[in-house]
Every structure is written in C-alpha cells, then in structure tokens.
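Structural features, examined
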Amino acid sequence: MAEFRVAGAWPRPSRSDLEILARALSHADEVVVDGIVACAAPRQIRDAVASGIRVVVLVHLPLPAESGLGRIDVDALARSERTTLEAANAVLCTSDWTRADLAARYGVDADIVRPGVEEAALSAGSSPPRLMLLGSVTPRKNTLLALRALASVRELPWEVVVAGPVIPGDPFPAEVARAVHTLGADRARLVGAVTGRRRERLWHETDLLLLPSLVEPYGMVVTEALARGIPALVASGTGAVEALGDGTPPGAPLPGAALPPGDPAAWSDAVARWSDDASLRGAWRSAALQARSRLRRWPDAATQLRELLRW
C-alpha cells in the first residue's frame, strides 16, 4: 500500500491540482481517496473508474454541510459530490451521522469506519479548572457560542483556551479574538494551531472539552479527550455524540453531555453545574476514565477498513 499526497486548494482545486490528482490515480489499481479531494474532482474520479481503477471515496464531512456557504456554492458542491459518489466503486464514512446525511442528500449507501484513537497520558487538569475549545477556528465549530456562554458565568472559577488553525483571509477568527479579549486575559487565551509537545501540554492541563459545532461528522477531538480522562460537552444532533459514547456501554452514564448548538444558555448552565457540583465533576471524570480503557484504537479501525476493502 502506497500513500500519494495531492497538495492543492481542495475542495476548490486549480487545473494544476486536478492534473496532479489524475496522475496520482493513474498509478493505482485500487485507491482510497479522501472526500474533500475526490468530491471536488468528479471528472477525474469518473475517468479513473472507467479505466478500470477501483476507487473508494472516504467522506468525513459532506462538502455542502460546511457552514458559511452561499446557496450557489452549496448547489455546486452538491452536484460535484453527487457525481463523484455515484461514480465511485464504494463509499466509506466515519459515523452514523455522515451515513445518514449521505443517504438523505444523494441516496448513497456508505459503510462506516469510525476513527480510532491513540493511547495518551491522563490529564492532570488545572486550578482554576481549564476548559478547552480545540479545532479549526471557523463558523462551523461555533466557537463564539461557547465564549458568549462563558461570559454569562464569569463569577465562576474557570479559564478557557481556544486552540486551532485559522483560514487565511477569513474574518471569523477576528470575531473570536474580540470575544476572547472581552473575557479578559486572565480568563481566556487564543493560542492558534498547536502540535506536538505544546498540544500535549494543553491536553495535560485541561479539565473539560467544549465542542459546540453546528455540524460535526464525528469529532475525533472528543475521543482524544476521553483517552486522557477528560469529559466533554458536545453539540446534540451531531456525530460528536457518537464520539462521546465511544467506549461507554449502553445505558451507562456519559462522560459529559450533549447540548443544543444554538442555545448558549444551555451551555452556560452545563458549565455552571459542572463547576458548582463536585459530585457531577467526579461522575463525568469517572465515566471518562472508564471509557478510556474501552476506546476503539487505530489498529481496530485499520483492520475493519482492510476487511471492507478486502485488500
């Protein structure tokens, strides 16, 4: 098995980007193509399949589900994605949420391969308790809702870190920066993209993850938190709820809660309850620790993928 990297402005590729993809496909007999690439290149995928190459598309987030898109962009991305998925030999996705979305949008039947997670050291937490929002600083991640919710519970002891990459030229990160500034340097920090030891240090100091995404196909950041014994608040109606339940037996308490992504008061109340109630904090931490030992690992995901592909 070989890996081909196709750099480009996906999902809005240039002609050169598409030519590079076509050349990469021509060297394969069987290939798995990430959805953000494949679904933006329907002609290249269709031509590859017609030439006898077995093409499997792995969809994380359906392209039109990204937030902040205009109607014209949504329609264009949907047409492109539909053509690609109908041409592909098989479609894989990462969650029940994505499978249901693809079926509703395109009538596509996808197989689910949920992501795994690596083992990690337990979080030690911080004093005052540290909340973290970790992910791309985009409207879809709904960062502003969480920050506005925290502004209404300023009397409680907490601090929050917002970490993640930004899209160059996107005005949204400036709005987030203003909201962080309003909370005050003693309560909130915006630290940008984090990797390696810096990312691990942030995890080690975190007590609660916040993921209020408007749309979330799975939410690997949630299982990364659970692998460190960190509970999470996630958005209801998204794939992040599946991630929150990873490692938790049916009927057992969840390591956190699922809250409406459009209701800042619900997020304020949840943070307040967690902050005020030591027994609730202990119960969520205990549930996270129990889930930690049962999480799906990457070798499990790889084995399932191979079985589905029969490679």
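The structure contained in this document is the topic of the report that follows. (Residues numbered from 1 in each chain as written. Predicted model: local features only at pLDDT ≥ 70, side-chain atom pairs only at ≥ 80, totals over all residues. Heavy atoms only, no water.)

**Some points on the state of the cysteines**
Chemically, a disulfide is nothing more than a covalent bond linking the sulfur atoms of two cysteines. Evaluation of the coordinates by the stated rule reveals 0 disulfides. Residue Cys-39 stays outside any disulfide, its sulfur separated by 12 Å from that of Cys-93, the closest cysteine. You can call Cys-39 buried: its relative accessible area is 0%. According to the relative accessible area criterion, Cys-93 is buried, its value standing at 0%. (Disulfide = S-S within 2.5 Å. Buried < 20%, exposed > 50% of the residue type's maximum accessible area, 1.4 Å probe, protein only.)

**Here we look at the environment of Gly-184**
Tracing the backbone through its elements, the reader meets Gly-184 in the loop between helix 7 (172-183) and strand 7 (188-192). Judged by its relative accessible area of 14%, Gly-184 falls in the buried class. Here the alpha-carbon distance between Gly-184 and Ala-151, two residues 33 residues apart in the chain, equals 10.0 Å. (Helix = DSSP H or I, 4+ residues; strand = E, 2+ residues; numbered from the N terminus.)

**Here's the deal with the packing of aromatic side chains**
For the structure shown, the criterion picks out 0 aromatic pairs. Across from the ring centre of Trp-158, 4.1 Å away, lies the NZ or CZ of Arg-187, which sits over that ring. (Phe/Tyr/Trp six-rings, centres within 6.5 Å; stacked < 30°, edge-to-face > 60°. Lys NZ or Arg CZ within 6 Å of the ring centre and 35° of its normal.)

**Observations concerning the pattern of salt bridges**
Side chains carrying opposite charge are able to pair once their charged atoms draw close together. The full count for this structure, using the stated rule, is 17 salt bridges. Here Glu-3 and Arg-5 are joined by a salt bridge, their closest N and O atoms 3.4 Å apart. Just as Glu-3 is exposed, Arg-5 falls in that class too. Residue Asp-47 is joined to Arg-43 by a salt bridge in which the shortest nitrogen-to-oxygen separation is 3.5 Å. Here Arg-43 and Asp-47 lie together in helix 3 (residues 42-50), a separation of 4 residues that amounts to about one turn. The class for Asp-47 is partly exposed, based on a relative accessible area of 39%. Salt bridges here are not isolated pairs; linked through shared partners, they connect Glu-66, Arg-140, Lys-141 and Glu-216. (Salt bridge = Lys/Arg side-chain N within 4 Å of Asp/Glu carboxyl O.)

**Describing the sheet that holds strand 4 (residues 111-112)**
On the basis of which strands lie adjacent, the open sheet formed by 4 strands has the order 1-2-3-4 and parallel pairing. Of all strands in the sheet, those bounded by a partner on one side alone are strand 1 (30-34) and strand 4. (Pairing = 2+ DSSP bridges.)

**Comments concerning the sheet that holds strand 6 (residues 159-163)**
The sheet built from 6 strands is open, its strands ordered 7-6-5-8-9-10 with parallel pairing. Of all the strands in the sheet, just strand 7 and strand 10 (256-259) have a single pairing partner and so form its edges. Ignoring which end each strand starts from, the neighbouring axes of this sheet average 20° apart. Here 4 bridges tie strand 6 to strand 7, and the two strands are oriented parallel to one another. Within strand 7, the residue paired with Ala-163 across the bridge is Gly-192. (Axes fitted to C-alpha atoms, helices over the stretch in contact; angles between N-to-C directions.)

**Some words on unusual backbone geometry**
It is generally the case that most residues other than glycine have a negative phi and that most peptide bonds are trans. Cis peptide bonds are those with omega within 30 degrees of zero, and the linkage from Trp-10 to Pro-11 qualifies with 10°. Along the chain, Pro-11 falls in the segment before helix 1 (15-26). Residues Ser-127 and Pro-128 are joined by a peptide bond in cis, for which omega reads 0°. Examined against the element boundaries, Pro-128 turns out to sit in the loop between strand 4 and strand 5 (130-134). Non-glycine residue Asn-142 carries a positive phi angle of around 60°. Among the secondary structure elements, Asn-142 is positioned in the loop between strand 5 and helix 6 (143-151).

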